[in-house]
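The lines below spell out each chain.
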Amino acid sequence: MAIHKSKDVKAYIPTASMADIAFLLIIFFMVTTVFQVDKTPVNLPGSWMRPTEIPRKAAFVVLAELTSGAGGKELVYKFSDGVDTSHVVPDTDALYFEVINITGLNPLHPFVIKIDKDVKYSKVDEILDAMRRAGAQDLILMTEQKTVPG
Amino acid sequence: MKLVSKKSEVEIPTASMADIAFLLIIFFMVTTVFSATKGLDFKLPKDEDEQLDTETVEAAYIKVHPGGAVEVDRQPMALDQILPYLQPKLERWPDKPIILYTLPEASYGDMIAVYDTLKQGPQQIGMEVTNIGIPTHREIAQYTEIFGYNPFD
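Remember, it's a predicted structure, so these values are computed and weren't measured experimentally.

Caption draft 1: Representation of the packing of helix 2 (residues 92-103) of chain A against helix 3 (residues 121-133) of chain A. Residue and element names in this part refer to chain A. It is the contact of helix 2 with helix 3, at a shortest axis distance of 9 Å, that shows an interaxial angle of 35°. When the axes of helix 2 and helix 3 are compared, the crossing they make is right-handed. Taking contact as the criterion, the partners of Thr-92, Leu-95, Tyr-96 and Val-99 in helix 2 are, on helix 3, Glu-126, Ile-127, Ala-130, Met-131 and Arg-133.

Caption draft 2: Representation of the side chain of A:Ser47. In this fold, A:Ser47 is placed in strand 1 (residues 46-47). A polar side-chain atom of A:Ser47 sits 2.7 Å from a polar atom in the side chain of B:Asp116. Apart from residues no more than four positions distant in its own chain, A:Ser47 is found in contact with A:Thr143, A:Glu144, A:Gln145, A:Lys146, B:Leu40 and B:Asp116.

Caption draft 3: Spatial organisation of the sheet that holds strand 5 (residues 98-102) of chain B. Residue and element names in this part refer to chain B. The sheet built from five strands is open, its strands ordered 4-3-2-5-6 with mixed pairing. Two strands lie at the open edges of the sheet, namely strand 4 (75-77) and strand 6 (132-133), each paired on one side alone. Alignment of strand 3 (residues 70-72) against strand 4, held across three bridges, turns out to be antiparallel. In the sheet register, Val-70 faces strand 4, and the bridge partner there is Met-77. Seen against the sheet, helix 2 (residues 79-92) touches strand 2 (60-64), strand 3, strand 4 and strand 5 and runs at an angle of roughly 120° to strand 4.

Caption draft 4: A look at a nonpolar patch on the surface. On the surface, A:Met18, B:Phe22, B:Ile26, B:Met29 and B:Val30 cluster together into a nonpolar patch covering about 490 Å² of accessible area. With four residues, the single largest contributor to the nonpolar patch is helix 1 (residues 17-31) of chain B. Tracing the sequence through the fold places B:Met29 in helix 1.

Caption draft 5: Summary view of the interface of chain B and chain A. Counting residues at the interface gives 47 residues for chain B, matched by 48 residues for chain A. Here chain B meets chain A over a buried area of about 4500 Å², counting both sides, of which 64% is carbon and sulfur. Our enumeration of links across chain B and chain A arrives at three salt bridges. Of the charged contacts, one joins A:Arg132 and B:Glu139 as a salt bridge, the two residues approaching to 2.3 Å between their closest N and O atoms. The interface formed by chain B and chain A contains 13 residue pairs in polar contact (both at pLDDT 80 or more). Counting residues per element, the ones that place at least two in the side of chain B that touches chain A are helix 1, strand 1 (38-43), helix 3 (108-119) and helix 5 (137-147) of chain B. If one sorts the elements of the side of chain B that touches chain A by residue count, helix 1 of chain B sits on top with nine residues. Along the lines of polarity and charge, the residues of the side of chain B that touches chain A split into 23 nonpolar, 13 polar and 11 charged.

Caption draft 6: Broad picture of the side chain of A:Thr92. Residue and element names in this part refer to chain A. Turning to its location among the elements, Thr-92 is positioned in helix 2. Exposure remark for Thr-92: the relative accessible area of 14% places this residue in the buried category. Once residues lying within four places of it in the same chain are set aside, the contact partners of Thr-92 are Tyr-77, Glu-126, Ile-127 and Ala-130.

Caption draft 7: Molecular detail of the packing of helix 3 of chain A against helix 5 of chain B. Interhelical geometry of helix 3 of chain A versus helix 5 of chain B gives an angle of 85° and a closest axis separation of 8 Å. One finds that helix 3 of chain A runs roughly perpendicular with respect to helix 5 of chain B. Where helix 3 of chain A abuts helix 5 of chain B, its residues A:Asp125, A:Glu126, A:Asp129, A:Arg132 and A:Arg133 lie against B:His137, B:Arg138 and B:Glu139. In the contact of helix 3 of chain A with helix 5 of chain B, the residues fall into no nonpolar, one polar and seven charged.

Caption draft 8: Spatial organisation of the packing of aromatic side chains. All names here are of chain A. On inspection of all chains with the given rule, the structure shows four aromatic pairs over all chains. Ring geometry for Phe-28 against Phe-29: centres 5.2 Å apart, planes inclined by 70°, an arrangement best described as edge-to-face. For Phe-28, a relative accessible area of 42% puts it in the partly exposed group. Judged by relative accessible area, which is 10%, Phe-29 ranks as buried. Centroid distance Tyr-96 to Phe-97: 5.2 Å. Interplanar angle 75°. Geometry classified as edge-to-face. Residue classification places Phe-97 among the exposed residues on the basis of a relative accessible area of 52%. We note Arg-133 situated over the ring of Tyr-96; from NZ or CZ to the ring centre the distance is 5.0 Å.

Caption draft 9: Quick look at the pairing of strand 5 of chain B. Residue and element names in this part refer to chain B. Within strand 5, five of the five residues are buried, leaving the element largely enclosed by the surrounding structure. Burial along strand 5 is two-sided: the face carrying Ile-98, Leu-100 and Thr-102 and the face carrying Ile-99 and Tyr-101 are both buried. With two bridges joining them, strand 5 and strand 6 adopt parallel strand pairing. Each residue of the ladder has a partner; that of Ile-98, found in strand 6, is Ile-132.

Conventions we followed
- Residues numbered from 1 in each chain as written.
- Chains lettered and ligands numbered in written order.
- Predicted model: local features only at pLDDT ≥ 70, side-chain atom pairs only at ≥ 80, totals over all residues.
- Heavy atoms only, no water.
- Axes fitted to C-alpha atoms, helices over the stretch in contact; angles between N-to-C directions.
- Helix = DSSP H or I, 4+ residues; strand = E, 2+ residues; numbered from the N terminus.
- Left-handed = near helix turned anticlockwise from the far one by under 90°.
- Contact = heavy atoms within 4.5 Å.
- Polar contact = N/O pair within 3.5 Å; in protein donor to acceptor, adjacent residues only side chain to side chain.
- Pairing = 2+ DSSP bridges.
- Patch = residues over 30% accessible without salt bridge, like charges linked within 9 Å, V, L, I, M, F, W, Y side chains within 5 Å.
- Areas by Shrake-Rupley, 256 points an atom, 1.4 Å probe, with all protein chains shown as cover.
- Salt bridge = Lys/Arg side-chain N within 4 Å of Asp/Glu carboxyl O.
- Buried area = accessible area lost by both parts, 1.4 Å probe.
- Nonpolar A, V, L, I, M, F, W, Y, C, P; charged D, E, K, R; others polar.
- Buried < 20%, exposed > 50% of the residue type's maximum accessible area, 1.4 Å probe, protein only.
- Parallel < 35°, antiparallel > 145°, perpendicular 65-115°, else oblique.
- Phe/Tyr/Trp six-rings, centres within 6.5 Å; stacked < 30°, edge-to-face > 60°.
- Lys NZ or Arg CZ within 6 Å of the ring centre and 35° of its normal.

Geometric values such as these leave the question of function open.
Here it is as structure tokens:
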């Protein structure tokens, strides 16, 4: 009896599920993407505590010590409503009006306080006072988590 | 002569779909930030005048000096001694008010170091420090007007 010659199986890469995987990844990244509203370089204070995660749409209040053109340092106030990127505000009075625009709609709106650790406390006190007057209640003091070396 | 018209099949062109999909994947991969920003919870009281009724006599009082030196109830104290000092007081009165007064010349980092220490209560002494008050300069001025002197200094 003659033995049939075995048929050659063509080698190919199965790509039928590629579109499914691609769209799954797109949906994952679309859902998890958070656009940073503030990228000001700030030397944050350290904390040993397991920090609270910052909720989406949290507004940002920033006080940073930035190097000025003359080589000195200047204090810069910035604010973001959590949607648009942060912009410079001249002082705590302007900050007060920015905050009250948000707390007027929702007093429990979260605010992230992002302040340089070397800033004098009197400046921080002015910010906290302005925020309190504007009716802000839920603050998150942004810190950098300390870890045990090794 | 009879002409036979060829019918072309209807189809949606999907040749470029994979390119578009991978372009979107790369865009989202590059722009994604996984909640890198974190911090410590801090509640501000409502802006009401009745806050002045706080019993300052019963509160534990922490004063932060420039450079990070700390006094608790007017005794100099290291950061790691604060919670053991407060533990017996908190056992008697879990809601004991802790007033954290930072001198204007001290840095924000000095204040956060003490606040962070107080927040470590559950891990260090098994008790949460719930009632931390941080007086602002406006409140200090109000108290000074009432008492005739700055009770925090």
